[in-house]
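# Breakdown of the fold
Spelled out, the chains give:
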Amino acid sequence: MAEKARLWATVDRIVRDHEGKDHAVLVLDNGQQLVLPVEALPPGAQPQQVVTVEFRIDPEETSRRAGQVEQLQQQLFGEVERE
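The sections below set out a description of the structure shown in this document. No experiment lies behind these values; they were computed from the predicted model shown. (Residues numbered from 1 in each chain as written. Predicted model: local features only at pLDDT ≥ 70, side-chain atom pairs only at ≥ 80, totals over all residues. Heavy atoms only, no water.)

## Describing the sheet that holds strand β4 (residues 50-55)
Going by this rule: Any two strands between which DSSP finds at least two bridges are classified as paired. Secondary structure elements follow DSSP: runs of H or I of four or more residues count as helices, runs of E of two or more count as strands, with numbering from the N terminus. Lines fitted to C-alpha atoms define the axes here, with helix axes fitted over just the stretch in contact, and angles between the N-to-C directions of these axes take values from 0 to 180 degrees.
Taken in spatial order, the four strands make up an open sheet running β3-β2-β1-β4, and their pairing is antiparallel. Lying at the two open borders of the sheet, with one neighbouring strand each, are β3 (33-37) and β4. The sheet shows a mean angle of 45° between the axes of neighbouring strands, taken without regard to direction. Pairing of strand β1 (residues 5-16) with strand β2 (residues 22-28), which is carried by seven bridges, proceeds in the antiparallel orientation. Across the sheet, I14 pairs through a bridge with A24, a residue of β2.

And the structure:
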């Protein structure tokens, strides 16, 4: 399994945007804030609870998105040089 980066964050509050969608404001240990759709939180997460945030590289999604970018570049600029 690939290495993953892990952070801890406190659920500070839940806010509603101008479109009526709810977002969770998380505060990391270094004071930075991360705003996520509430659906990204574990079920039952509430303000003042600490959650674990994990990041992993997704090779399949990376490849898929690179293909999309390449298609757009070809549409806009014609043939694109590959590295």
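## Examining the nonpolar core
How we decide: The set of buried Ala, Val, Leu, Ile, Met, Phe, Trp, Tyr and Cys residues whose side-chain atoms join them within 4.5 Å is what this entry labels a nonpolar core. The classification of residues rests on relative accessible area computed with a 1.4 Å probe and restricted to protein chains. Under 20% of the type maximum is buried, over 50% is exposed, and intermediate values are partly exposed. Between two residues, a contact is recorded if the distance between any of their heavy atoms is within 4.5 Å.
Ranked by size, the top nonpolar core spans nine residues in total: A9, V11, A24, L26, L28, L41, A45, V51 and V53. In terms of residue count, the dominant contributor to this core is β2 (three residues). Setting aside residues no more than four positions away along its own chain, L26 makes contact with A9, T10, V11, D12, Q32, Q33, L34, L36, L41, V51 and V53.

Such coordinate-based values are descriptive only and should not be taken to indicate function.
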